[in-house]
Amino acid sequence: AKREVDFIVGSTHPLNKDFMTDIEHWKETIRNNCYDNFELTSCKILSESYEGEGDKEVANVKFVATMIQVDSRERTAFMETSQFERAGKHIRGGAWLYRSGVIETAPGYETEEEGEEGGGGVEEGGEKEVAGAET
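Residues numbered from 1 in each chain as written. Predicted model: local features only at pLDDT ≥ 70, side-chain atom pairs only at ≥ 80, totals over all residues. Heavy atoms only, no water.

Asker: If you had to explain the confidence of the model for the chain to someone new, which residues and values would you point to?
Answerer: Counting all residues, the mean pLDDT for the chain is 82, and 80% of those residues have values of 70 or more. By mean pLDDT, strand β5 (residues 128-129) is the weakest element of the chain at 44, and strand β2 (residues 58-69) is the strongest at 96. Throughout residues 114-135 the model reports pLDDT below 50, and contacts reaching past four residues in sequence, or to other chains, amount to 43 contacts. (pLDDT = per-residue confidence, 0-100. Helix = DSSP H or I, 4+ residues; strand = E, 2+ residues; numbered from the N terminus. Contact = heavy atoms within 4.5 Å.)

This is how it looks when you write it as structure tokens:
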């Protein structure tokens, strides 16, 4: 994550496994784990879905983030399915908060363990690109 520490803390659901009640310690942990050596070049939304209603509504968003490693200029990517939930109207006015995510290898970026070397492209079919994506 880029150094948007306040945004990360403020948009994380209190039931997220990484949520910490000691906010200052949590912010320091985030600062120490930021990926400053990567430039995010694109974030393409592959799908989004909603389940439930009202306070029980859940959103799932699958996306591919493409990055360049600053020093080597090597391209890499990952695919994530993120789950967002509202924590009630009393928390950030009922805003969507990041609850959890499952990270997978992005299409075209299989690891050597999966039988191919990385470096392929990301497929373009039916995706929405998030302009100016910075995470």
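Picking up after the structure, the text goes on.
Asker: Can you break down the environment of Lys-62 residue by residue, with the values?
Answerer: If you trace the backbone, Lys-62 turns up in strand β2. In contact with Lys-62, not counting residues within four places along its chain, are Lys-44, Ile-45, Leu-46, Ser-47, Met-79, Glu-80, Thr-81 and Glu-104.

Asker: Provide a residue-level description of helix α2 (residues 23-32), including the pertinent values.
Answerer: Within the sequence span of α2, burial applies to Trp-26, Lys-27 and Ile-30. One face of α2 carries all of its buried residues, which in axial projection span an arc of 100°. Exposed positions of α2 whose direction lies more than 90 degrees from the buried face are Glu-24 and Asn-32. For α2, the secondary structure elements touched by its buried residues are α1 (5-10). (Buried < 20%, exposed > 50% of the residue type's maximum accessible area, 1.4 Å probe, protein only. Arc of directions from axis to C-beta.)

Asker: How would you sum up the pairing of strand β1 (residues 38-51)? Please name residues and give values.
Answerer: As judged from the 12 bridges shared by β1 and β2, these two strands associate in the antiparallel manner. Opposite Cys-43, over in β2, you have Ala-65 as the bridge partner. Counted along the chain from β1 to the antiparallel partner β2, the turn is six residues long, and its residue Gly-52 has a positive phi close to 80°. (Pairing = 2+ DSSP bridges.)

Asker: Give a description of the packing of aromatic side chains that names residues and reports values.
Answerer: Following the criterion strictly, the structure yields four aromatic pairs and no others. A ring pair is formed by Phe-63 and Phe-78, whose centres lie 6.1 Å apart and whose planes are at 75°; its orientation type is edge-to-face. Of this pair, Phe-63 sits in strand β2 while Phe-78 sits in strand β3 (residues 75-86), placing them 15 residues apart in sequence. Among the residues examined, Phe-63 registers a relative accessible area of 14% and is labelled buried. Relative to Tyr-98, the ring of Phe-84 has its centre 5.8 Å away and its plane inclined at 70°; by these criteria the two rings are edge-to-face. Here Phe-84, found in strand β3, pairs with Tyr-98, found in strand β4 (residues 96-105); they are 14 residues apart in sequence, far enough to count as distant. Taking the relative accessible area as the measure of exposure, Phe-84 reaches 23% and is therefore partly exposed. (Phe/Tyr/Trp six-rings, centres within 6.5 Å; stacked < 30°, edge-to-face > 60°.)

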